[in-house]
Amino acid sequence: MLQIAAGDRSAMRRLYDATSAKLFGVCLRILSDKDESEDVLQEVYLTIWRRADRYEAERASVMAWISTIARNRAIDRLRARGPLAYAEPVDELQIEDDAPRAEALLETAHDRQELARCLDELDARTRGAIRTAFFEGLTYEALARRQDVPLGTVKSWIRRGLLKLRGCLER
């Protein structure tokens, strides 16, 4: 990041080559639109280029920092869509009156709260591994390298953590 902050284009190219697929996945998961995700990804790398001097290694890894930028930019774009962000085009719209929409939204919000509560019940190491793997999209292998532990250890943490989550959510 220091090289990028100093204006080193080759350092920026290396960062892009190493991270663009993951960051595109973050954007695509949030936006569910390939073209819009590509646009946001471009904004992300412009932000990184302009703000590389603000990166603080003691606060977060480079991948966590740039993933947060990507996530925030994608969420900003999603919010900019406004209330019609999730609306279907009129020609594809099918009106069904099976369940009230408000109840479904409340249930989804409740499910998110329950998941957050259950995640908080896990020990910090397991909670961090699950969040990194599932919310940041880091592979188990990359997580094992980041934590400097064997791959099997990371898989065990996550497997046991997911079993505890399932038990908590079934209560």
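An account of the accompanying structure is given in this report. Each residue is numbered by its place in its chain's sequence as written, counting from 1. Only residues with pLDDT of at least 70 are given local features in this predicted model, and only at 80 or more are side-chain atom pairs given and counted; all residues enter the totals for whole chains, interfaces and linings. Note that water and hydrogens are dropped before the side-chain values are worked out from all heavy atoms of the structure.

### Re unusual backbone geometry
Turning to step 1, where the next piece is worked out: Not every positive phi belongs to a glycine, and S32 is a case in point at roughly 55°.
Turning to step 2, where the next piece is worked out: For S32, a relative accessible area of 63% puts it in the exposed group.
Turning to step 3, where the next piece is worked out: Positive phi, close to 60°, is recorded for D148, a residue that is not glycine.
Turning to step 4, where the next piece is worked out: Checked against the element boundaries, D148 lands in the loop between α7 (140–147) and α8 (151–170). Here the term buried applies to any residue with accessible area under 20% of the maximum for its type, exposed to any over 50%, and partly exposed to those in between, with areas from a 1.4 Å probe on protein chains only. Going along the chain from the N terminus, every DSSP run of H or I of four or more residues is numbered as a helix, and every run of E of two or more is numbered as a strand.

### A short note on the environment of E141
Turning to step 1, where the next piece is worked out: Structurally, E141 is set in helix α7.
Turning to step 2, where the next piece is worked out: Taking C-alpha positions, E141 is 9.1 Å from K155, a pair spaced 14 residues apart along the chain.

### Overview of the side chain of S37
Turning to step 1, where the next piece is worked out: Its place among the elements puts S37 in helix α3 (residues 34–51).
Turning to step 2, where the next piece is worked out: Any pair of nitrogen or oxygen atoms within 3.5 Å is treated as a polar contact; in protein, a donor-acceptor pairing is required on top of that, and neighbouring residues in sequence qualify only through side-chain atoms on both sides. Within polar-contact distance, the side chain of S37 engages the backbone nitrogen of L28 at 3.3 Å.
Turning to step 3, where the next piece is worked out: With residues up to four places along the chain from it excluded, the contact list for S37 reads F24, C27, L28 and L31. Throughout, a residue-residue contact means that at least one pair of heavy atoms, one from each residue, lies within 4.5 Å.

### A word on the packing of α7 against α8
Between two packed helices, what matters for the description is the angle formed by their axes and the separation of those axes.
Turning to step 1, where the next piece is worked out: Think of each axis as a best-fit line through the C-alpha atoms, taken over the contacting stretch in the case of a helix, with angles from 0 to 180 degrees between the N-to-C directions. Where α7 meets α8, the closest approach of the two axes is 8 Å, and the angle between their N-to-C directions is 110°. Judged by the inter-axis angle, α7 sits roughly perpendicular to α8. Of α8, the residues touching α7 (which contributes Y140, E141, L143, A144 and Q147) are L151, V154, K155, W157 and I158.
Turning to step 2, where the next piece is worked out: When grouped by side-chain class, the residues that make up the contact of α7 with α8 number 7 nonpolar, 1 polar and 2 charged. The scheme is simple: roughly parallel for angles under 35 degrees, roughly antiparallel for over 145, roughly perpendicular for 65 to 115, oblique for anything else. Residue polarity follows a fixed list, in which Ala, Val, Leu, Ile, Met, Phe, Trp, Tyr, Cys and Pro are nonpolar, Asp, Glu, Lys and Arg are charged, and the others, Gly among them, are polar.

### Regarding the nonpolar core
Turning to step 1, where the next piece is worked out: Only buried residues count toward a nonpolar core. Its members are Ala, Val, Leu, Ile, Met, Phe, Trp, Tyr and Cys residues joined through side-chain atoms within 4.5 Å. Grouped together as the largest cluster of nonpolar side chains are 23 residues, with contacts concentrated most on M1, L23 and I48.
Turning to step 2, where the next piece is worked out: Those elements that place two or more of their residues in this core are α2 (9–31), α3 and α4 (62–80).
Turning to step 3, where the next piece is worked out: Excluding its chain neighbours within four sequence positions, the residues that come into contact with I48 are M1, I4, M12, L15, W65, I66 and I69.
Turning to step 4, where the next piece is worked out: Membership of the second largest hydrophobic core comes to 15 residues, among which are L119, A129, L138 and L143.

### Some points on the packing of aromatic side chains
Turning to step 1, where the next piece is worked out: Here is the rule: rings of Phe, Tyr and Trp (six-membered ring for Trp) pair when centre to centre is within 6.5 Å. Planes less than 30 degrees apart are stacked, more than 60 are edge-to-face, and the remainder are tilted. Under the defined criterion, the tally for this structure stands at 2 aromatic pairs.
Turning to step 2, where the next piece is worked out: Aromatic pair Y16 and Y45: ring centres 4.9 Å apart, planes at 65°, arrangement edge-to-face. Residue Y16 is located in helix α2, and its partner Y45 is located in helix α3; the two are separated by 29 residues in the primary sequence.

### Let's talk about a nonpolar patch on the surface
Turning to step 1, where the next piece is worked out: Without a salt bridge and with relative accessible area above 30%, a residue can belong to a patch; like charges are then joined within 9 Å and nonpolar side chains (Val, Leu, Ile, Met, Phe, Trp, Tyr) within 5 Å. Accessible surface area values rest on a Shrake-Rupley calculation with a 1.4 Å probe, where residue burial reflects the displayed protein chains alone. Any Lys or Arg side-chain nitrogen located within 4 Å of an Asp or Glu carboxyl oxygen qualifies as a salt bridge. On the surface, F134, F135 and L162 cluster together to form a nonpolar patch covering roughly 280 Å² of accessible area.
Turning to step 2, where the next piece is worked out: With respect to the helices, strands and loops of the structure, F134 is situated in helix α6 (residues 124–134).

### Some thoughts on the layout of surface pockets
Turning to step 1, where the next piece is worked out: Grid spacing is 1 Å over the protein atoms alone, the probe is 1.4 Å, and a cavity is where that probe fits but cannot get out, while a pocket is an open set with protein on both sides within 12 Å along at least five of seven lines and lining residues have an atom within 4 Å of a point. Grid points are joined across faces, edges and corners, and a volume is the space filled by probe spheres set on the points. Computed from the structure, the largest pocket encloses a volume of approximately 700 Å³.
Turning to step 2, where the next piece is worked out: Around the largest pocket, the lining is made up of 18 residues, and of these R29, I30, R71, I75 and F135 lie nearest the centre.
Turning to step 3, where the next piece is worked out: Counting residues per element, the ones that place at least two in the lining of the largest pocket are α2, α4, α5 (101–121) and α6.
Turning to step 4, where the next piece is worked out: Among the elements that line the lining of the largest pocket, the one with the most residues is α4, at 6 residues.
Turning to step 5, where the next piece is worked out: Among the residues forming the lining of the largest pocket, the class breakdown is 11 nonpolar, 2 polar and 5 charged.
Turning to step 6, where the next piece is worked out: Where each domain begins and ends follows an automated or database-derived domain assignment. Each of domain 1 (1–82) and domain 2 (101–170) contributes no fewer than three residues to the lining of the largest pocket.
Turning to step 7, where the next piece is worked out: Its volume calculated, the second largest pocket comes out at about 170 Å³.
Turning to step 8, where the next piece is worked out: The wall of the second largest pocket is formed by M12, Y16, E38, L41, Q42, Y45, L46 and W49.
Turning to step 9, where the next piece is worked out: Counting residues per element, the ones that place at least two in the lining of the second largest pocket are α2 and α3.
Turning to step 10, where the next piece is worked out: With 6 residues, α3 is the largest single contributor of residues to the lining of the second largest pocket.
Turning to step 11, where the next piece is worked out: When the residues that make up the lining of the second largest pocket are grouped by side-chain class, the tally is 6 nonpolar, 1 polar and 1 charged.

Worth remembering: the numbers are spatial, not functional.
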